[in-house]
Amino acid sequence: MTGSASDFSQLSLETVTAYLASRPALGGIVDVTRIASVREVGDGNLNLVFIIDDAAGASVVLKQSLPHVRTDPSWPMTRERSAREATVLGAHVLADPEHVPAFYDFDAENYVLAIENLSDHRVWRNELNEGRVHDYAAAELGRYIARAAFATSPLGLDPLEHKRLVARAVNPELQQITEDLVFTEPYIEHAHNVVLPGNEPDVAALRSDAALVREMGLAKWRFMTTAQSLIHGDLHTGSVFVRAGEAAAGGTDARGATTASVRAFDSEFGFVGPTGFDLGALWANFIIAGARAEALGEPARAELILSLPGRLWSAFEAEYRTLWPARIDPRVWTDEVLERLLDGIRDDAAIFAAAKAIRRIVGFAKASDIESLEPALRERAARGVLHAGRALALTRHGIADVDALAAESLATLRAAH
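Residues numbered from 1 in each chain as written. Predicted model: local features only at pLDDT ≥ 70, side-chain atom pairs only at ≥ 80, totals over all residues. Heavy atoms only, no water.

### Topic: the environment of Ser-372
Then, number 1: Considering the arrangement of structural elements, one finds Ser-372 in the loop between α13 (368–371) and α14 (375–395).
Then, number 2: Given the relative accessible area of 48%, Ser-372 is considered partly exposed.
Then, number 3: Along the backbone, Ser-372 and Arg-292 are 80 residues apart, and their C-alpha atoms lie at a distance of 9.4 Å.
Then, number 4: Here Arg-292 takes part through its side chain, which lies 2.7 Å from a polar atom of the side chain of Ser-372.
Then, number 5: A distance of 2.6 Å separates a polar atom in the side chain of Ser-372 from the backbone oxygen of Ser-368. (Helix = DSSP H or I, 4+ residues; strand = E, 2+ residues; numbered from the N terminus. Buried < 20%, exposed > 50% of the residue type's maximum accessible area, 1.4 Å probe, protein only. Polar contact = N/O pair within 3.5 Å; in protein donor to acceptor, adjacent residues only side chain to side chain.)

Shown next as structure tokens:
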């Protein structure tokens, strides 16, 4: 609750309508004189989220960052992350409006984003958990990552503008969270690390594997020092909305049928970093979703899910190649440079996938794909993900084909059962 109707530092159901009336940019989005409903729907760790509908059916979402972790007020969080999310969303909506929510307004004083209501979509992780794969989404996200990566890198931006973007999007507090949770804490004793007793030997084996720890150290270095493009920064299946449709995603249908749609949201961890990180985050979550399917005795669905890393990469690569002729400076960025860039992004994606998969089992903020399984199934699924993450980290250098790497992950998951 807030102190008065004009205090918008922490919105409430009682103050949202007055807040909307105070923002001229939102006057054409919803009719503030005819608000029909206001709902607080935030279920994450960091933000308040409100959905507002007017009597004519128009709608808007308000997302306000809190000064602490929602479930743990003693854990402070910078509210400036909302400004960084606005920077990412503002750039990505220009590069690829098809795959992100419409962006209406940002209030820097009260840390509030106003974006499109996508309530007719579903969170992809939840759909995967229910057995609905939405396999078309992988290729759509590959195209999104390529378009955003090209447009916000020195390939698509004036060099001075790219440097300004690096400064504007710097996100030190949330970057450090990733550095700690993904690349460091799983390999040391830490309070955030909790696994089932049956998985404790699996975790001990990872920590004693010098080659794996070395690869994670190098991956952390890449994450901390590579400024390629403005990445989403937390692009897992829980940060993607999907909507199935009769027509292809992004397509049109003369009959007026609903088209399939895929939208990435919650980019508050974004910064100018390694392009492969977003690809790797999704790849990791495909491994996790595949482990769930295997645990539930659904091998055909596991195979379908483990085809998604290849679809993701193929669409990314094809789109990146399509954009390549438009690069700003072709004088020394020759076609051979393109091949080297793609090789590097693919390798980054693989090691970041390994890191993200392991972290979701060992560390803080686990994946519901695994956590919602009953304990005996959960233990085997978690073991499979840990083994698959290790194998991916250590064998990726010798296998350049993403489909082959994903097939190896599937075989590793099955061996763990």
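### Thoughts on the pattern of salt bridges
Then, number 1: As enumerated under the stated definition, the model contains 36 salt bridges in all.
Then, number 2: Between Arg-263 and Glu-116 there is a salt bridge; the shortest N-O distance is 2.8 Å. Placement of Arg-263 in strand β11 (residues 261–264) and of Glu-116 in the loop between β7 (112–115) and β8 (122–123) is noted, with a sequence separation of 147 residues between them.
Then, number 3: Two residues, Arg-321 and Glu-317, come together in a salt bridge whose shortest N-O distance is 2.9 Å. Remark: Glu-317 and Arg-321 occur in helix α11 (residues 308–323); sequence separation between them is four residues, near one turn of the helix.
Then, number 4: Exposure remark for Arg-321: the relative accessible area of 31% places this residue in the partly exposed category.
Then, number 5: Accessibility expressed as a relative area gives 22% for Glu-317, which makes it partly exposed.
Then, number 6: Connected through salt bridges with shared partners, the residues Lys-63, Arg-81, Glu-85, Asp-266 and Glu-268 form a single ionic network. (Salt bridge = Lys/Arg side-chain N within 4 Å of Asp/Glu carboxyl O.)

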